[in-house]
Amino acid sequence: DVKVTQSSRYLVKRTGEKVFLECVQDMDHENMFWYRQDPGLGLRLIYFSYDVKMKEKGDIPEGYSVSREKKERFSLILESASTNQTSMYLCASSLSHGFYEQYFGPGTRLTVT
Amino acid sequence: DQQVKQNSPSLSVQEGRISILNCDYTNSMFDYFLWYKKYPAEGPTFLISISSIKDKNEDGRFTVFLNKSAKHLSLHIVPSQPGDSAVYFCASKRTGNQFYFGTGTSLTVIP
């Protein structure tokens, strides 16, 4: 069974703080993704990575950065948190080469006050 | 701009009946489609998928239909069970690994 874990289920941060969200997968997947889920907007892709040290912008990368130093770990960084970044953040991973199913972590509910 | 749309935010169905969840997409270059199911406080889990070269894929109680000319995708659940109550997301991709998700439909199966 693929397991994707996220460092926190709930997080409360203040405006302007630097925030790190960590994601780890244990199935040697090449691809990793960060999404945010908001009511009425579904899941929107922030960044994804198809290899160590490689990253691609998704639809809404502004205000975020990512880091992938090891294959199993993909970090999302909010450089200076703002209230409009209050959201549910979901990490996912998938194999490459024709396997498109993504395996999701349980999510981190981030509140920025 | 929402490239994948689920126009019904919610759906209620009696246990044992058919549930039909719908999804429309705008990009004719999409070549692969998936359905995910999400319970509260959990991440989405993969349910079923279909390639653009097919028009139907079946897995047990779940069948996905693809109508490329209408750019329409549907998920049929027969028979519906109370444990199917969840939010269902459709997702589509074109070349590469980026998927576009719909806004979700909350299905309630009434015992």
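See the structure printed just above.
It should be emphasised that the depicted structure is a prediction, and the values quoted were computed from it without experimental measurement.

1. Observations regarding the state of the cysteines
All names here are of chain A. According to the stated counting rule, one finds two disulfides over all chains in the structure shown. Note on cysteine connectivity: Cys-23 is disulfide-linked to Cys-91, with sulfurs 1.8 Å apart. Of note, the bridge from Cys-23 to Cys-91 carries an S-S torsion of about -75° and is left-handed in sense. Here Cys-91 lies in strand β9 (residues 87-94) and Cys-23 lies in strand β3 (residues 19-25), a separation of 68 residues in the sequence. Taking the relative accessible area as the measure of exposure, Cys-91 reaches 0% and is therefore buried.

2. Section: the interface of chain B and chain A
Taken together, the contacts link 20 residues of chain B with 21 residues of chain A. For the pair chain B and chain A, the summed buried area comes to about 1,700 Å², and 58% of that belongs to carbon and sulfur atoms. Taken as a group, Asn97(B), Gln98(B) and Phe101(B) account for 32% of the area that chain B buries against chain A, more than any other trio of residues on that side. On inspection of chain B and its partner chain A, the count reaches three residue pairs in polar contact (both at pLDDT 80 or more). Elements supplying a minimum of two residues to the side of chain B that touches chain A: β4 (32-38), β5 (45-51), β9 (86-93) and β10 (99-101) of chain B. Broken down by element, the side of chain B that touches chain A gets its largest block of residues, four residues, from β4(B).

3. Describing the sheet that holds strand β7 (residues 62-67) of chain B
Residues and elements named next belong to chain B. Taken in spatial order, the five strands line up as β1-β3-β8-β7-β6 in an open sheet, and their pairing is antiparallel. One side of each edge strand has no neighbouring strand; the edge strands of this open sheet are β1 (4-5) and β6 (56-59). The pairing of strand β3 (residues 19-25) with strand β8 (residues 72-77) spans six bridges and is antiparallel. Across the sheet, the residue bridging to Ile-20 is His-76, located in β8.

4. Here we look at the pattern of salt bridges
Residue and element names in this part refer to chain A. Per the stated rule, a full pass over the model turns up nine salt bridges over all chains. Across the salt bridge formed by Asp-38 and Arg-36, the nearest N and O atoms sit 2.8 Å from each other. Overall, Asp-38 belongs to the buried group, its relative accessible area being 11%. One network of salt bridges, in which partners are shared, links Arg-36, Asp-38 and Arg-44.

5. Some words on the nonpolar core
One finds Trp35(B), Leu73(B), Leu75(B) and Tyr88(B) to be the most contacted residues of the largest nonpolar core, which totals 23 residues. Going through the elements one at a time, β3, β4, β5, β7, β8, β9 and β11 (105-110) of chain B are the ones with two or more residues in this core. Within the second largest apolar cluster, 20 residues are counted, among which are Val4(A), Cys23(A), Ile46(A) and Phe74(A).

6. Some details on the environment of Leu11(A)
Residues and elements named next belong to chain A. Mapped onto the fold, Leu-11 is located in strand β2 (residues 10-13). Residue class for Leu-11 comes out buried when judged on its relative accessible area of 16%. The spatial distance from the C-alpha of Leu-11 to the C-alpha of Phe-74 is 18 Å, given a sequence separation of 63 residues. Each residue touching Leu-11, except ones within four places of it in the same chain, is listed here: Val-19, Leu-21, Thr-108, Arg-109, Leu-110 and Thr-111.

7. A look at the pairing of strand β4 (residues 31-38) of chain A
Residue and element names in this part refer to chain A. Counted residue by residue, β4 has eight buried out of eight residues, so it is predominantly covered. Of the two faces of β4, the one holding Asn-31, Phe-33, Tyr-35 and Gln-37 and the one holding Met-32, Trp-34, Arg-36 and Asp-38 are both buried throughout. Bridge analysis of β4 against β9 gives seven bridges, and the strand direction is antiparallel. When the bridges of β9 are listed, Asn-31 appears paired with Ser-94. The pairing of β4 with strand β5 (residues 42-49) spans seven bridges and is antiparallel. Bridge pairing in β5 links Phe-33 to Phe-48. Counted between consecutive antiparallel strands, the loop separating β4 from β5 contains three residues, among which Gly-40 sits at a positive phi close to 80°.

Cut-offs applied
Residues numbered from 1 in each chain as written. Chains lettered and ligands numbered in written order. Predicted model: local features only at pLDDT ≥ 70, side-chain atom pairs only at ≥ 80, totals over all residues. Heavy atoms only, no water. Disulfide = S-S within 2.5 Å. Helix = DSSP H or I, 4+ residues; strand = E, 2+ residues; numbered from the N terminus. Buried < 20%, exposed > 50% of the residue type's maximum accessible area, 1.4 Å probe, protein only. Contact = heavy atoms within 4.5 Å. Buried area = accessible area lost by both parts, 1.4 Å probe. Polar contact = N/O pair within 3.5 Å; in protein donor to acceptor, adjacent residues only side chain to side chain. Pairing = 2+ DSSP bridges. Salt bridge = Lys/Arg side-chain N within 4 Å of Asp/Glu carboxyl O. Core = buried A, V, L, I, M, F, W, Y, C linked by side-chain atoms within 4.5 Å.

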